[in-house]
Amino acid sequence: MKILRKVNTEIASTKTHTPSILIVDDDQFMVTLIETHLTNEKYQVFSTSSVEEAIEILCNEKIDILLTDLKIPGSSGLTLLDQVNREFPSTMSIIMTAYGTLDSSINALRKNAADYILKPFEMEDLSQTIERTLKKKEIQEEYERLRNTLNSIGKPTSNRPADLMEDTMLTIDQLLEPDHVFMLYYDQNQYRFLPWECKNLTLSSKSLFSLEINIDAHIKCFQTRKLIKLHGDELNAFYTPGSLSETVKCALAIPFQSQKALYGFFVLFFDRDYEWKNEYLRLASILTSNCAQKIENIFLTRKLQNNMIETVESLLRSLQMKDQTTSKHSDRVKDFARMMLEGLQISQEEKEVILHAAVLHDIGKMAIDLSTLNTVDPLDERQMELLKQHPIRAKEILSPLSCFSDIVPIIYHHHERFDGTGYPDGLKADQIPLGSRIICIADSFESMTSDKVYRKALSIDMAKKELMEHRGTQFDPHLVDIFFKQLEKYSIS
């Protein structure tokens, strides 16, 4: 199993960030005193005597605090403050002034200065002022982060469970700022928990990470509906000793859990002692609970949709009972489509949609009087135009039902040709939905290898030859190659 490390270096750098201070004053003796004192206090210090140079430094460096005199040659500290507020909102400002009047103090605060200090001042007083300002900055940044997190709750998002979990995980990751993130999700098809890599995280460059996780211990704790907070030796009960990096000092495990099911969980690892903030932990629980409820709703909706689709498929089969050839055709097209899908790396959800489309691909023919077409004679132009209407009729039948929204485009375009000469819209190559290109091959191959009223079935070799001759014109060449491999795999010859 693997642990993931964030690539967001900006967030990571804040954990070891040395506060930076920019001094703007034309009194060089005072600047030297302040620089020496603040450097000894372990701050990163910059200094200048002009507004222009101050702006240049702000553009090139991440400045936490601007420490400026009210009197600057050719300008003023308040003018500089205005520009900093507009262009560098993350920089906090402290005004230094020898004119300790009420008006100057009020003006400084109106310009959004975090604090001001009167000259002459003791260096200890300056240190205290800077510490207060840094604390204000920390509170302000935490407030912004919390506000952004709160704004994300209830935000419209994807209807894919994986995307929902990823959005939630990234939000909590931003909120709690862990050093490493490990994710497990419950695979509905394999009935087990599997590790999952978030697309916005990257594998750690360190080998943390032959992590061996005690899933049963996590699930047992999650049944009490509590987060799992671990420090030091407590980690050994949940992660096999020696499998976790020695840099990890504590961990927080959070489940994606509704009242009915556990859909997954992730563990945040910290390389530093972490102070658990109850407000943030409650928010993390709210986020993951909301995510789990949305996932549950998605699964319920899918179940209802699948029931509706299966009902329509069953109805179609019952209507086709009078024509066994047509009924068997749809099932065989589905079988050939399934064979091809085994050779493609797409999601199970996409495969299920394509298989439903394969069963229903000829449903439009039920709305057309095709009795005159069952003839040994070639179809005339009028009959051919009538036949070409069946994808359009299928769209008219299925479109009113929202559960067929992903299936309809596949059925509608399954008679398009790879070179753009097909119908109904003359799409070409990748403009044609993948499912349509798959069904086009499966449908053609099944038709060629089945007896018709106007001809006997072709042999497998003859049908393969036909596919090969039209590879790149009627059929997607890559999918034809996959189809041939699958035919060989299943020894269909």
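We now turn to the structure provided with this report.

What counts as what
Residues numbered from 1 in each chain as written. Predicted model: local features only at pLDDT ≥ 70, side-chain atom pairs only at ≥ 80, totals over all residues. Heavy atoms only, no water. Pairing = 2+ DSSP bridges. Helix = DSSP H or I, 4+ residues; strand = E, 2+ residues; numbered from the N terminus. Salt bridge = Lys/Arg side-chain N within 4 Å of Asp/Glu carboxyl O. Buried < 20%, exposed > 50% of the residue type's maximum accessible area, 1.4 Å probe, protein only. Phe/Tyr/Trp six-rings, centres within 6.5 Å; stacked < 30°, edge-to-face > 60°. Contact = heavy atoms within 4.5 Å. Axes fitted to C-alpha atoms, helices over the stretch in contact; angles between N-to-C directions. Parallel < 35°, antiparallel > 145°, perpendicular 65-115°, else oblique. Left-handed = near helix turned anticlockwise from the far one by under 90°. Core = buried A, V, L, I, M, F, W, Y, C linked by side-chain atoms within 4.5 Å. Nonpolar A, V, L, I, M, F, W, Y, C, P; charged D, E, K, R; others polar.

1. Concerning the pairing of strand β10 (residues 192–195)
Direction of pairing for strand β9 (residues 180–187) relative to β10: antiparallel, over a ladder of four bridges. Following the sheet pairing, tyrosine 186 is matched in β10 by phenylalanine 193. Joining the antiparallel neighbours β9 and β10 is a turn of four residues, in which tyrosine 191 adopts a positive phi near 55°.

2. With respect to the pattern of salt bridges
A full pass over the atoms with the stated rule returns 19 salt bridges. Residues arginine 272 and aspartate 179 are paired through a salt bridge, measuring 2.8 Å at the closest nitrogen-oxygen approach. Of this pair, arginine 272 sits in the loop between β14 (262–270) and α9 (278–319) while aspartate 179 sits in the loop between α7 (161–176) and β9, placing them 93 residues apart in sequence. Take aspartate 179: its relative accessible area is 12%, and that puts it in the buried class. Note that lysine 365 and aspartate 362 form a salt bridge whose closest N and O atoms lie 3.6 Å from each other. Its relative accessible area of 6% is what places aspartate 362 among the buried residues. Beyond isolated ion pairs, a larger network of salt bridges with shared partners links Lys62, Asp64, Lys137 and Glu141.

3. Quick look at the packing of aromatic side chains
Inspection of the entire model under this criterion finds seven aromatic pairs. Look at tyrosine 239 and phenylalanine 269: their rings are 5.4 Å apart centre to centre, the planes differ by 65°, and that puts the pair in the edge-to-face class. One end of the pair, tyrosine 239, is in the loop between β12 (228–231) and β13 (250–257); the other, phenylalanine 269, is in strand β14, with 30 residues separating them in the sequence. Residue tyrosine 239 shares its accessibility class with phenylalanine 269, and that shared class is buried. Here the aromatic rings of phenylalanine 256 and phenylalanine 266 are separated by 5.6 Å at their centres, their planes lie at 45°, and the arrangement is tilted. Remark: phenylalanine 266 occurs in strand β14 and phenylalanine 256 occurs in strand β13; sequence separation between them is 10 residues. In this structure, phenylalanine 256 and phenylalanine 266 share a single accessibility class: buried. Clustering of aromatic rings is evident, with ring pairs tying together Phe336, Phe445 and Phe483.

4. Looking at the environment of serine 450
In this fold, serine 450 is placed in the loop between α15 (434–448) and α16 (460–469). Given a relative accessible area of 10%, serine 450 falls into the buried group. In this structure the C-alpha to C-alpha distance between serine 450 and histidine 329, which are 121 residues apart in sequence, comes to 8.3 Å. Discounting residues that sit within four places of it in the chain, serine 450 has contacts with Arg332, Arg455 and Ala457.

5. Overview of the sheet that holds strand β2 (residues 20–24)
Taken in spatial order, the five strands make up an open sheet running β3-β2-β4-β7-β8, and their pairing is parallel. In this open sheet, the two edge strands, each paired with only one partner strand, are β3 (44–48) and β8 (115–118). When strand polarity is set aside, the average angle formed by the axes of neighbouring strands in this sheet is 20°. Bridge count for β2 against β3 is five bridges, and the pairing is parallel. Paired with isoleucine 21 across the two strands is valine 45, which belongs to β3. Against the sheet, helix α4 (residues 77–87) makes contact with β2, β4 (65–69) and β7 (92–97), and its axis sits at roughly 155° relative to β4, the strand it touches most.

6. Here's the deal with the packing of helix α11 (residues 348–360) against α15
Two quantities define a packed helix pair, namely the angle between the axes and the distance from one axis to the other. One way to put it is that α11 packs onto α15 with a least axis distance of 10 Å and a crossing angle of 45°. Considered as vectors, α11 and α15 are oriented oblique to each other. Once α11 is placed against α15, the crossing between them reads as right-handed. Of the residues in α15, those in contact with Ile354, Ala357 and Ala358 of α11 are Gly435, Ile438 and Ile439.

7. Considering the nonpolar core
Counting 41 residues, the largest nonpolar core has Phe404, Ile438, Ile441, Phe445, Leu467 and Phe483 as the members making the most contacts within it. Looking at this core, the elements that each hand over two or more residues are α9, α10 (324–342), α11, α13 (390–398), α14 (408–412), α15, α16 and α17 (477–489). When residues in this core are grouped by element, the largest group, seven residues, is from α15. For phenylalanine 445, the contacting residues outside a window of four places in its chain are Phe336, Ile460, Ala463, Lys464, Leu467, Phe483 and Leu487. The next biggest cluster of nonpolar side chains, apart from the first, holds 27 residues, and it includes Met165, Leu175, Trp276 and Leu287.

8. Digging into the packing of helix α3 (residues 51–60) against α4
The interhelical angle for the contact between α3 and α4, taken along N-to-C directions, is 20°, at an axis separation of 11 Å. As the angle between them shows, α3 and α4 are arranged roughly parallel. Here α3 runs over α4; the crossing is right-handed. Of the residues in α4, those in contact with Val51, Ala54, Ile55 and Leu58 of α3 are Leu80, Gln83 and Val84. Here the contact of α3 with α4 is composed, by residue class, of six nonpolar, one polar and no charged.

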